[in-house]
Amino acid sequence: MTRITELTETAADALVSVLAGLGHVDAIPAAEWAESVAEVERLGRLADAARVAVAAAAVSAGRSLPAAAEAIGARSGADALAGCAGISEPEARRRIALADALTPGSSMTGAATPERFEMLAASVREGLIGLEAALTIVRELDAVRIRATADDLVAAELGLVTL
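Bear in mind that the values here come from a model prediction, so they are computed numbers and not experimental data.

Chemist: Lay out the packing of helix 7 (residues 131-144) against helix 8 (residues 150-162) in plain terms, naming residues and giving numbers.
Modeler: Closest axis-to-axis distance for the helix 7/helix 8 pair is 11 Å, and the angle between their directions is 160 degrees. It follows from the interaxial angle that helix 7 and helix 8 lie roughly antiparallel. In terms of crossing hand, the pair formed by helix 7 and helix 8 is right-handed. Where helix 7 abuts helix 8, its residues I137, L141 and V144 lie against L153, A156, E157 and L160.

Chemist: I'd like a rundown of the environment of A111, residues and numbers included.
Modeler: Its location among the elements puts A111 in the loop between strand 1 (105-106) and strand 2 (112-113). Considering only alpha carbons, one finds A111 and A12, 99 residues apart in sequence, at a separation of 36 Å.

Chemist: Which residues make up helix 8, and what are the values?
Modeler: Relative to the 18 Å expected for 13 residues at 1.5 Å per residue, helix 8 spans 18 Å between its end C-alpha atoms, a close match to the ideal helical length. When helix 8 is considered as a whole, its buried residues turn out to be L153, E157 and V161. On an axial view of helix 8, the arc spanned by its buried residues comes to 65 degrees, and they lie on one face. Across from the buried face of helix 8, at angles greater than 90 degrees, the exposed residues are D151 and T162. Structurally, helix 8 contributes buried residues whose contacts are with helix 6 (118-125) and helix 7.

Chemist: Requested: an account of the packing of helix 2 (residues 30-55) against helix 5 (residues 89-102), with residues and values cited.
Modeler: With their axes 8 Å apart at the nearest point, helix 2 and helix 5 run at an angle of 85 degrees to one another. Of the possible angle classes, the one that applies to helix 2 and helix 5 is roughly perpendicular. In contact with R51, V52 and A55 of helix 2, helix 5 contributes R95, I96, L98 and A99. In terms of residue class, the contact of helix 2 with helix 5 is made up of five nonpolar, no polar and two charged.

Chemist: Residue-level account of the side chain of E115, with values.
Modeler: Relative to the assigned elements, E115 resides in the loop between strand 2 and helix 6. Side-chain polar atoms of E115 contact the side chain of R125, separated by 3.2 Å. Other than its neighbours up to four places away in sequence, E115 contacts A101, L102, T103, P104, A121 and R125.

Chemist: So, the nonpolar core: which residues are in play, and what are the values?
Modeler: Side chains of a nonpolar character, in soluble globular proteins, are inclined to be buried together. Formed by 26 residues in total, the largest nonpolar core has its most connected members in L102, F117 and L120. Of all elements in the fold, only helix 2, helix 4 (77-85), helix 5, helix 6, helix 7 and helix 8 reach the threshold of two or more residues within this core. Leaving out residues up to four positions away in the same chain, F117 has contacts with A101, L102, V138, L141, D142, R145, L153 and E157.

Chemist: I'd love a proper account of the pattern of salt bridges, names of residues and values included.
Modeler: Under the defined criterion, the tally for this structure stands at twelve salt bridges. Ionic pairing is found between D48 and R51, a salt bridge with its closest N-O pair at 2.8 Å. One end of the pair is D48 and the other is R51, both in helix 2 and three residues apart, which spans about a single turn. The class of D48 is buried, set by a relative accessible area of 14%. Note on R51: relative accessible area 33%, which makes it partly exposed. The closest approach of N and O atoms between R116 and D142, which form a salt bridge, is 3.0 Å.

Thresholds applied
Per chain, residue numbering runs from 1 following the sequence as it is written. pLDDT decides what is reported in this predicted model: residues at 70 or higher carry local features, side-chain atom pairs at 80 or more are listed and counted, and totals for whole chains, interfaces and linings draw on all residues regardless. Side-chain calculation: all heavy atoms of the structure are included, whereas hydrogens and water are not. Lines are fitted to the C-alpha atoms to define the axes, a helix being fitted only along its stretch in contact, and any angle between axes, read from their N-to-C directions, falls within 0 to 180 degrees. Working definition: helices are DSSP H or I runs of at least four residues, strands are E runs of at least two. Numbering for both runs from the N terminus. To sort the angles, those under 35 degrees are grouped as roughly parallel, those over 145 as roughly antiparallel, those from 65 to 115 as roughly perpendicular, and the leftovers as oblique. Definitions for this section: a left-handed crossing has its near helix turned counterclockwise from the far helix by less than a right angle. A right-handed crossing has that turn clockwise. Any pair of residues with heavy atoms lying within 4.5 Å of one another is described as a contacting pair. Expected span of a helix: the number of residues minus one, times 1.5 Å. Think of it in three bands: residues with accessible area under 20% of the maximum for their type are buried, residues over 50% are exposed, and the middle band is partly exposed, with areas taken using a 1.4 Å probe on protein chains only. Throughout, the arc means the angular range of directions from the helix axis out to the C-beta atoms. Gly is placed with the polar residues, together with every amino acid not listed as nonpolar (Ala, Val, Leu, Ile, Met, Phe, Trp, Tyr, Cys and Pro) or charged (Asp, Glu, Lys and Arg). Think of a polar contact as two N or O atoms within 3.5 Å of one another; within protein, one of them needs to be a possible hydrogen donor and the other a possible acceptor, and neighboring residues in sequence only count if both atoms come from side chains. In this description, a nonpolar core means a group of buried Ala, Val, Leu, Ile, Met, Phe, Trp, Tyr and Cys residues linked to one another through side-chain atoms lying within 4.5 Å. Each salt bridge in this description consists of a side-chain nitrogen of Lys or Arg and a carboxyl oxygen of Asp or Glu lying within 4 Å of one another.

Here it is in structure tokens:
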């Protein structure tokens, strides 16, 4: 059993406990219910962050076929991720695009490069922003990237992350 498998099993067990502890949510006070909704959503966003992290292995990083995809005989990174995760290829492509924007990479020389959107990456890792919102932010920032100065792009990212 790998370390990641052990950790995900521990997290899954904790989530089962959360589900058991919810009981009849219609019988709890409104303030407690609202807090429960917010915390359960945070768990979902943290799961989203983990999905992005594992999708990073399916990013081609300049290769025609990612090493992880090649190792399992898949025809593409999206095919590999979709098959392993039991998701559609369009969803796999969305996760891979997000992983490409939110995980450190490497240059052609092999030197480490930072995330394309560092503040957004941190917010996703902290469970503050989910996949759908992160994808929208990446799409919109990428759309203005050519026309914006570096400072304007950072300011736009900060504004979108803190909304």
